[in-house]
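As a plain string of letters, each chain reads:
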2 protein chains.
Amino acid sequence: MAEKILIIGGVALGPKAACRCKRLMPEADVTLIDENSNISYGGCGMPYYVSGEVQSIDALRATPYGRVRDPEFFASMKGVTVRSQTRALSIDRAAKTVLVRHTVTGEEEQLSYDKLVLATGASPRMPQVEGNDLDNVLSLTRLEAAEVIRRACEAGKVSEAVIVGGGFIGLEAAVALADMWGVKVSIVEMMPQLLPGALSASMGRMVSHDCTQAGVNVYTSEKVIRLEGRDGTVSAVITDKRKLSAQLVIFSAGFIPNGQLARDAGLDVAPFGGIVVDESMRTSDPNIFAGGDCVCIKNIITGKPGYLPLGSMANRQGRIIGTNLAGGRASFSGYVGTWAVKLFKMSFCGTGLTVERARAEGFDAVSVAVEQLDRAHFYPDKSMLGLELVVDRTSGGVLGMQGSCTDGIALKARIDAVAAALQCGKPTVEDISNLEVAYAPPFAAAMDVVNTVANVADNVLAGRFTPVSGAEFMELWEKRHENNIFFIDARPARAGQAVQAEYPEWHAIPLEDIRNRMHEIPQDRPVALICNTGLRAYDCVLALQNAGHTHVSNSLGGMQAVSKMGLTP
Amino acid sequence: MAEKILIIGGVALGPKAACRCKRLMPEADVTLIDENSNISYGGCGMPYYVSGEVQSIDALRATPYGRVRDPEFFASMKGVTVRSQTRALSIDRAAKTVLVRHTVTGEEEQLSYDKLVLATGASPRMPQVEGNDLDNVLSLTRLEAAEVIRRACEAGKVSEAVIVGGGFIGLEAAVALADMWGVKVSIVEMMPQLLPGALSASMGRMVSHDCTQAGVNVYTSEKVIRLEGRDGTVSAVITDKRKLSAQLVIFSAGFIPNGQLARDAGLDVAPFGGIVVDESMRTSDPNIFAGGDCVCIKNIITGKPGYLPLGSMANRQGRIIGTNLAGGRASFSGYVGTWAVKLFKMSFCGTGLTVERARAEGFDAVSVAVEQLDRAHFYPDKSMLGLELVVDRTSGGVLGMQGSCTDGIALKARIDAVAAALQCGKPTVEDISNLEVAYAPPFAAAMDVVNTVANVADNVLAGRFTPVSGAEFMELWEKRHENNIFFIDARPARAGQAVQAEYPEWHAIPLEDIRNRMHEIPQDRPVALICNTGLRAYDCVLALQNAGHTHVSNSLGGMQAVSKMGLTP
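Not measured: the values here are computed from a predicted model.

Topic: the overall build of chain A
Within chain A, the regular secondary structure consists of 18 helices and 31 strands. For chain A, the C-alpha radius of gyration of 27 Å lies close to 25 Å, the compact-globule estimate for 569 residues. Counting all 569 residues of chain A, 59% fall into the buried class. Pairs at least 24 residues apart make up 65% of the contacts formed inside chain A by residues separated by at least 6 positions.

Quick look at helix α17 (residues 535–546) of chain B
In an α-helix there are 3.6 residues to a turn, and that puts residues three or four apart on one side. Helix length check: α17 of chain B (12 residues) gives 17 Å between terminal C-alpha atoms against 16 Å at 1.5 Å per residue, within 8%. Listing the buried residues of α17 of chain B in full gives Leu 535, Arg 536, Ala 537, Tyr 538, Cys 540, Val 541, Leu 542, Ala 543 and Leu 544 of chain B. On its buried side, α17 of chain B packs onto α1 (13–24) of chain A together with β28 (486–489), β30 (527–530), β31 (552–555) and α18 (558–564) of chain B. Just downstream of α17 of chain B lies Gly 548 of chain B, where phi reads positive at about 105°.

Observations regarding the interface of chain A and chain B
In this complex, chain A contributes 73 residues to the contact, which on the side of chain B involves 73 residues. Broken down by secondary-structure element, the contributors of at least two residues to the side of chain A that touches chain B are α3 (57–61), α9 (311–325), β22 (339–342), α11 (408–424), α12 (429–433), α13 (449–461) and α17 (535–546) of chain A. By residue number, the principal contributor to the side of chain A that touches chain B is α11 of chain A, which donates 14 residues. Taken together, the residues that form the side of chain A that touches chain B break down as 47 nonpolar, 14 polar and 12 charged.

Notes on the sheet that holds strand β20 (residues 295–298) of chain B
Residue and element names in this part refer to chain B. The 3 strands lie next to each other as β18-β20-β21, forming an open sheet whose pairing is mixed. The strands lining the two open edges of the sheet, one partner per strand, are β18 (275–276) and β21 (305–306). Pairing of β20 with β21, which is carried by 2 bridges, proceeds in the antiparallel orientation. Bridging from a neighbouring strand, Ile 297 pairs with Gly 306 of β21.

Description of the sheet that holds strand β10 (residues 160–164) of chain A
Residue and element names in this part refer to chain A. If you trace the 5 strands from one edge of the open sheet to the other, you get β9-β16-β10-β11-β12, paired in parallel fashion. At either end of the open sheet lies a strand with only one pairing partner, and these are β9 (137–139) and β12 (217–219). Each adjacent strand pair in this sheet contributes to an overall mean axis angle of 20°, direction not counted. Bridge count between β9 and strand β16 (residues 248–251): 3 bridges; the pairing is parallel. By the bridge assignment for β16, Ser 139 is matched with Phe 251.

Focus: the packing of α1 of chain A against α9 of chain A
All names here are of chain A. The geometry of α1 relative to α9 is characterised by a closest axis approach of 7 Å and an angle of 35° between their N-to-C directions. Considering the relative orientation of α1 and α9, their crossing is right-handed. From α1, Leu 13, Lys 16, Ala 17, Cys 19, Arg 20, Cys 21 and Leu 24 reach across to α9, where they touch Ala 314, Asn 315, Gln 317, Gly 318, Arg 319, Ile 321, Gly 322, Thr 323 and Leu 325.

Some details on the packing of α11 of chain A against helix α11 (residues 408–424) of chain B
Interhelical geometry of α11 of chain A versus α11 of chain B gives an angle of 20° and a closest axis separation of 8 Å. Taken together, the axes of α11 of chain A and α11 of chain B are roughly parallel relative to one another. The handedness of the crossing between α11 of chain A and α11 of chain B comes out as right-handed. The segment α11 of chain A lies against α11 of chain B, with Ile 409, Ala 410, Lys 412, Ala 413, Asp 416, Ala 417, Val 418, Ala 419, Ala 420, Ala 421 and Cys 424 of chain A engaging Ile 409, Ala 410, Lys 412, Ala 413, Asp 416, Ala 417, Val 418, Ala 419, Ala 420, Ala 421 and Cys 424 of chain B. Within the contact of α11 of chain A with α11 of chain B, the residues separate by chemical class into 18 nonpolar, no polar and 4 charged.

Let's talk about the pairing of strand β26 (residues 398–405) of chain A
Residues and elements named next belong to chain A. By the criterion of burial, β26 is predominantly enclosed, with 8 of the 8 residues buried. As paired elements, strand β23 (residues 347–352) and β26 share 6 bridges and run antiparallel to each other. Bridge pairing in β26 places Ser 347 opposite Cys 405. The pairing of strand β25 (residues 384–392) with β26 spans 7 bridges and is classified as antiparallel.

A word on unusual backbone geometry
Even without being glycine, Leu 195 of chain A reaches a positive phi, approximately 45°. Following the sequence through the fold, Leu 195 of chain A ends up in the loop between β11 (184–188) and α7 (201–213). Its identity as a non-glycine residue notwithstanding, Asn 484 of chain B has a phi of 65°, on the positive side. Mapped onto the elements, Asn 484 of chain B comes out in the loop between α15 (480–483) and β28. C-beta crowding within 10 Å serves as the criterion here: with 10 such atoms nearby, Asn 484 of chain B is assigned to the exposed category.

The rules we used
Residues numbered from 1 in each chain as written. Chains lettered and ligands numbered in written order. Predicted model: local features only at pLDDT ≥ 70, side-chain atom pairs only at ≥ 80, totals over all residues. Helix = DSSP H or I, 4+ residues; strand = E, 2+ residues; numbered from the N terminus. Rg over C-alpha atoms; globule rule 2.2 N^0.38 Å. Buried ≥ 20, exposed ≤ 12 C-beta atoms within 10 Å, placed from the backbone. Contact = placed C-beta atoms within 7 Å. Expected span 1.5 Å × (residues − 1). Nonpolar A, V, L, I, M, F, W, Y, C, P; charged D, E, K, R; others polar. Pairing = 2+ DSSP bridges. Axes fitted to C-alpha atoms, helices over the stretch in contact; angles between N-to-C directions. Left-handed = near helix turned anticlockwise from the far one by under 90°. Parallel < 35°, antiparallel > 145°, perpendicular 65-115°, else oblique.

Below, the structure is given as structure tokens:
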């Protein structure tokens, strides 16, 4: 008899598992249920639908050939039965049945299965504040919400919007609203930085600067208290610090995995709600698989259970489940946490742990940053690319890397190389120093920025200099009347002299002159160096140390990093 | 007493080793000699100087700040003594001296050393044909040659040029001459394809097509017999098949490592001329290091000694030697062979072995190819990206990957990820299926092309279908009157019908209709399927196999791959 496969959830993982299983085991009876009408859509594309870059909602539901993936498509093209508007209420593991209810008719039914797949996804975390049920208070996690937002923008009903939470979707929504619709956007984030968890505090400032440069207000360390409405529609957001008028509020405060159905059925579920699965993506019941935004997966770097709700993870896990449903032996060994986001002028991208996250996990972590051109400096077309490498002092092991660049794809190339290294081995700083990436002048520098950042880490681990971040350098500069530090700008003379003209404490001593002008630098004061990217200053650090200076620091990423943070002397 | 470091060779590795050593060991006495006047230049940038994209020769010799790296620069900024126009004649390892001669004055001198570095580079392979000493017969390996070529182009003296050898520099020179100067360029390559060794025969056709589309004549499997001249300057190239008139001939037939000095000194040198070094980049004499284009290094994939003369390798190895000169313990574990080249409309990039190379090395290798958009298909800005993954049937291990795309950086991102995996582990097809690369719609597809190519490899290794390359498919099509194959175009109806209108043997049966029209497909004939990229045809293959067909093949990369090769039905 044909094996009965039942899949609960039809956005990304569900359809992938269904189609893969059906390809390998054509005789299987595969049914997919979903409580909504729309299934199998590119959820990550919603911000681009809001912005208008994606013309129609159907484009997010269509194959590359424009065929909309509706139940009829799955039936005729894939041999998969889809029942939409059908909610799973409970699982009877002994009887191998799922009780479902049609969301419109209310009709209930028992569906039997031989193998069950939970692809129940995640729900947006909706802050429990007064007014969160007003109209135009949404999370950008369902096609219907994307439609509401775009219609409201098209109708000119939104002149001000507030994004609550500075995560990926919130920032992408901010770009869509501000850049394309001219909406005055404010982002309110409880944590002291945007993209907390994904980027260091230092790089979080670069994200904020990119947003504020585009006219977006960024309010970090600020909490939403309540929402106010007019005629049932939101009109203002009240935070602990201000009132922001808004005709649209988008919540982007993270996700909670939908693990209740699994928990009710007695399956192992982590305290935060993620369903526990093994490497074959099986739950604690071998007849039940789970994957995508509803599961807890192993973080390869920490070795601990973690969570990474991303459409790409769901797709890859879906294929694994499909293979295993058909009797195959595919496995998923865990995640390292690789991501990318395109903002206004800048893109940001990362893999593995940030320095703060690594320390919280118990690593003796340090991070180093560089700014360097992504291609040969003599090649005409190029961009300044910033990388921050996170390493473990004890082992010299690499724990993660994050970066920023106007050329998002050039950035992705460096991040993905380190991501692959983290997945396939336990790379050391030396491995990244020698990482053999594709080189020719239109593609990279002979000593590529990914090699350089590891070289700098090597120098820091070897104690060759004391690194400070651009933000730390500027903080020292701000407090120059308290700390007795001697500040040196090692850039070519003209750049440094322009600052020195305004602030005499800013000493323009180019690398070219450092040896000749050594006598100008007091031996009894700490020295803080900065240059354009950190490279020239490093040579100055060594010259100063050779001359007997013992307290010399170098600002990583130099003025390039500082200006990406929106800071100026 | 200060340690005496002597470095022979001043282009890439030499200066890097010198500066790194001097940074770590400021008291060292570091001398660098080179037989030419120009040192420390970006040799890989020469094609871009010829094209005019790089304005001046000095730009290739300068730091990012425009400071030319001449002997005075090394003396004042780096504390390194440079003696140019100084040729090393012999090494006396017992006395620890090097006999040198000034190339202009002829004066000879013994230089003593505590540690010696051989950075003697490589020489272009100059075919031993009559006329190879004529004027305007050059290899693009020295700044002086780049200057001659550019001046000749600027003066309008070159209307036809012949490139002998279809390697990287030759192709880059072809682009510079044809694209920027409107020169009529012909490429003559002895092997049956361009970029032999770097790309499969199949992808070699894509390179040829990119060149011919730009008006370049490509003559493969063709040998240069002699050169003819007029008044001492080249005027024509005579091959075994034709006469090509030419005012400029560029040899790009590979490199021979300059190992003679080492061999004469009794150091271990491989038969092909590469100096043998260990992981610390030491030669068989522990006081002598060597690196860059003159050494033999381990290929990590084959485990055998190999050769990879690339500026990026030289830079990274230079840093390792610098560290070890200063008493450090840096090591170089080998290479996988990662490269990139930008041609006319297309860029090509690769890592590891090609399928032909892998078979020659004794692997039971197979390769699979896909064409897929590099970003979410609904995202407006995107490119078709082709990848060919080379795998070992026996172990399921990945041996290499090569690709093509109009967006070279998007291609680099995929190649570098696999390159890193090859360096840090022994990745399997499953590892690449699950490779966690950065995803968001402006960066990648949820199931990225690098995952897809591994998924296809998985299906091929599992025997789920018989792959044929686009070139093989078109060959079968050409011979359709001999082979009894039934050809199906599974693209949406309109595309296939346009071809069918001209050739009735081309059956337009879109995936949508395959089940309904199964009766049209004869059970007793082999079936060859093609679609746009290979994806729809795969679903058709499975449908046909379910219906009892046993001889069904799928054209990998579909019509996208076929048209990249310049083939049409």
